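Close look at the chain arrangement
Chain by chain, the residues:
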Amino acid sequence: MSEILYDDAHIAFLEDIWGEGFLSPGGPEEVARVLEGLDLTGRHVLDIGCGSGAITVALARDYGAGRVTGIDVEGPVCAAARRRVEEAGLGDRVEIRQVAPGPLPFGPGSFDVVFSKDSIIHIPDKDFLGAEVFRVLRPGGWFAASDWLISHDGPPSEAMQHYIAQEDLDFAMASPRAYRASLEGAGFTEIGLTDRNPWYAEVSRQELDWLTGPERPRLDREHGAGFIAQQEATWRALVGVLESGEHCPHHIRARKPA
Ligand SMILES: C[S@@+](CC[C@H](N)C(=O)[O-])C[C@H]1O[C@@H](n2cnc3c(N)ncnc32)[C@H](O)[C@@H]1O
């Protein structure tokens, strides 16, 4: 079995910085932007890379999805997400499934909407992922995602290589051009990509200030000084590649033709 990347220590730290049940930045407001203009009422939604589940729960509780299926490849995040679903009393509408990387384990046309927040960065083959999302969507269904992209198709700069190594989370970043090509190749139409770099460049600086400010003694105590020092180094690298524009989180929207 492969190494766990999001273990309990990592989950606890990321939830400290990003909020209970969130393993990516921006909280409910950023989720609302990803979903802007989409009506999920009564819909069946797939959440790819559900992490510890705050968003998966919100899709049912706050957006009225009729059924939500959250999938993830790691045990600790699935366990945390299941607890969150139970606490929310949504066990009848929200299912968390631990899956193997690779083909999505669902039949054609299973979902009205496929959602994903900052998880596809872990899936190297975007062409295959695009084709799989297209296959499991019903005709007329929407793909709505946020993901962490690299601004170009060339080799990553030294700063980016350093950042990716520092994260140590098996990142496989694609460019906006490559992403669009994967979605077009899969058959999607109405493709839209929105660059969120200006927003996260600013927010990541605030996160670094938080990591190095008055909260630091508590963070060292609760997560371990060595772990937090490592995170500080990661955030310094992150801020650099966001400021250069090479790291460019995007919101992605595409439709399977009806
Ligand atoms: C940055 S976290 C985001 C989690 C959640 N979407 C959120 O925003 O809080 C990325 C998640 O993707 C999961 N992941 C990695 N590879 C995956 C794959 N092939 N399929 C589904 N999920 C995957 C990780 O285990 C992790 O929980």
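Computed from a predicted structure; not experimentally measured. (Residues numbered from 1 in each chain as written. Predicted model: local features only at pLDDT ≥ 70, side-chain atom pairs only at ≥ 80, totals over all residues. Heavy atoms only, no water.)

**Overview of the UniProt feature "domain: Polyketide synthase-like methyltransferase" (unreviewed entry) in the protein chain**
- The sites that carry the UniProt feature "domain: Polyketide synthase-like methyltransferase" (unreviewed entry) are, in the present numbering, residues 13-257.
- Helix makes up 45% of residues 13-257 and strand makes up 22%, while its end C-alpha atoms are separated by 41 Å. (UniProt positions renumbered as here; feature names shortened; annotations may be inferred. Helix = DSSP H or I, 4+ residues; strand = E, 2+ residues; numbered from the N terminus.)

**Concerning the side chain of Asp118**
- Along the chain, Asp118 falls in the loop between strand 4 (111-117) and helix 5 (126-136).
- Separated by 2.8 Å, the side chains of Asp118 and Lys117 make a polar contact.
- Here Asp147 takes part through its backbone nitrogen, which lies 3.5 Å from a polar atom of the side chain of Asp118.
- Beyond its immediate sequence surroundings of up to four residues, Asp118 is in contact with Ser24, Pro25, Ser146, Asp147 and Trp148. (Polar contact = N/O pair within 3.5 Å; in protein donor to acceptor, adjacent residues only side chain to side chain. Contact = heavy atoms within 4.5 Å.)

**Topic: the pairing of strand 1 (residues 44-48)**
- Counting buried positions along strand 1 gives 5 out of 5 residues, so the element sits mostly inside the fold.
- Residues His44, Leu46 and Ile48 of strand 1 are buried on one face, and the alternating residues Val45 and Asp47, pointing to the opposite face, are buried as well.
- Here strand 1 pairs with strand 2 (residues 67-72) via 5 bridges, running parallel. Bridge pairing in strand 2 places Ile48 opposite Ile71.
- Since strand 1 and strand 2 lie parallel, the crossover through helix 3 (residues 54-61) that links them has a hand, and here it is right-handed. (Buried < 20%, exposed > 50% of the residue type's maximum accessible area, 1.4 Å probe, protein only. Pairing = 2+ DSSP bridges. Right-handed = clockwise from strand over helix to strand, strands pointing away.)

**As for helix 3**
- Taken across its 8 residues, helix 3 has 7 buried, putting it largely inside the fold.
- Considered for burial, the residues of helix 3 that qualify are Ala54, Ile55, Thr56, Val57, Ala58, Leu59 and Ala60.
- On its buried face, helix 3 is in contact with helix 2 (27-35), strand 1, strand 2, helix 4 (75-87), strand 3 (94-98) and strand 4.

**A word on the site of the ligand**
- Near the ligand there are 17 residues, and of these Leu23, Ser24, Gly49, Asp72 and Lys117 occur at the shortest range.
- Leu23 is positioned with one of its backbone polar atoms (N or O) 2.7 Å from an oxygen atom of the ligand.
- Ser119 places a polar side-chain atom, nitrogen or oxygen, 3.3 Å from an oxygen atom of the ligand.
- Across the complex, the protein chains shield 93% of the 600 Å² of accessible surface that the ligand would expose by itself.
- Taken together, the residues that form the shell around the ligand break down as 8 nonpolar, 5 polar and 4 charged. (Near = heavy atom within 4 Å. Areas by Shrake-Rupley, 256 points an atom, 1.4 Å probe, with all protein chains shown as cover. Nonpolar A, V, L, I, M, F, W, Y, C, P; charged D, E, K, R; others polar.)

**Comments concerning the environment of Thr41**
- Along the chain, Thr41 falls in the loop between helix 2 and strand 1.
- Residue contacts for Thr41: discarding those within four places in its chain leaves Tyr63 and Gly64.
- In terms of polar contacts, Thr41 uses its side chain to reach the side chain of Asp39, at 2.5 Å.

**Here's the deal with the sheet that holds strand 6 (residues 189-195)**
- Across the sheet, 7 strands lie side by side as 3-2-1-4-5-7-6; this open sheet has mixed pairing. Whereas interior strands pair on both sides, the edge strands pair on one side only; in this sheet they are strand 3 and strand 6. Strand-to-strand, the axes of this sheet are offset by a mean angle of 15°, without reference to chain direction.
- Sheet contacts for helix 7 (residues 176-186): strand 5 (137-150), strand 6 and strand 7 (247-255); angle to strand 6, the most-contacted strand, approximately 160°. (Axes fitted to C-alpha atoms, helices over the stretch in contact; angles between N-to-C directions.)

**Side note on the packing of helix 9 (residues 216-223) against helix 10 (residues 225-243)**
- In contact at an axis separation of 7 Å, helix 9 and helix 10 are set at 120° when each is read in the N-to-C sense. On the basis of the axis angle, helix 9 is oblique to helix 10. Here Arg216, Leu219, Asp220 and His223 of helix 9 come into contact with helix 10, specifically with Ala225, Phe227, Ile228, Ala229 and Glu232.
- Grouping the amino acids of the contact of helix 9 with helix 10 by side-chain chemistry returns 5 nonpolar, 1 polar and 3 charged. (Parallel < 35°, antiparallel > 145°, perpendicular 65-115°, else oblique.)

**What to know about a negative patch on the surface**
- Where like charges cluster on the molecular surface, the negative patch consists of Glu3, Asp7, Asp8, Asp168 and Asp170.
- Tracing the sequence through the fold places Asp168 in the loop between helix 6 (158-167) and helix 7. (Patch = residues over 30% accessible without salt bridge, like charges linked within 9 Å, V, L, I, M, F, W, Y side chains within 5 Å. Salt bridge = Lys/Arg side-chain N within 4 Å of Asp/Glu carboxyl O. Lys, Arg positive; Asp, Glu negative; His and termini not counted. Charge placed at Lys NZ, Arg CZ, Asp CG, Glu CD.)

**Observations regarding the environment of Glu222**
- Inspection of the secondary structure puts Glu222 in helix 9.
- The spatial distance from the C-alpha of Glu222 to the C-alpha of Cys78 is 23 Å, given a sequence separation of 144 residues.
- Polar side-chain contacts of Glu222 include one of 2.8 Å to the side chain of Arg218.

**Concerning the packing of aromatic side chains**
- Enumeration according to the criterion identifies 10 aromatic pairs in this entry.
- Centre to centre, the rings of Trp148 and Phe171 are 6.1 Å apart; their planes meet at 75°, and the pair counts as edge-to-face. In this pair, Trp148 is assigned in strand 5 and Phe171 in the loop between helix 6 and helix 7, connecting sequence segments 23 residues apart. In this structure, Trp148 and Phe171 share a single accessibility class: buried.
- These aromatic residues form a ring-pair network of at least three members: Trp148, Tyr163, Phe171, Trp199 and Tyr200.
- Over the aromatic face of Trp142 sits the side chain of Arg253, whose NZ or CZ is 6.0 Å from the ring centroid. (Phe/Tyr/Trp six-rings, centres within 6.5 Å; stacked < 30°, edge-to-face > 60°. Lys NZ or Arg CZ within 6 Å of the ring centre and 35° of its normal.)

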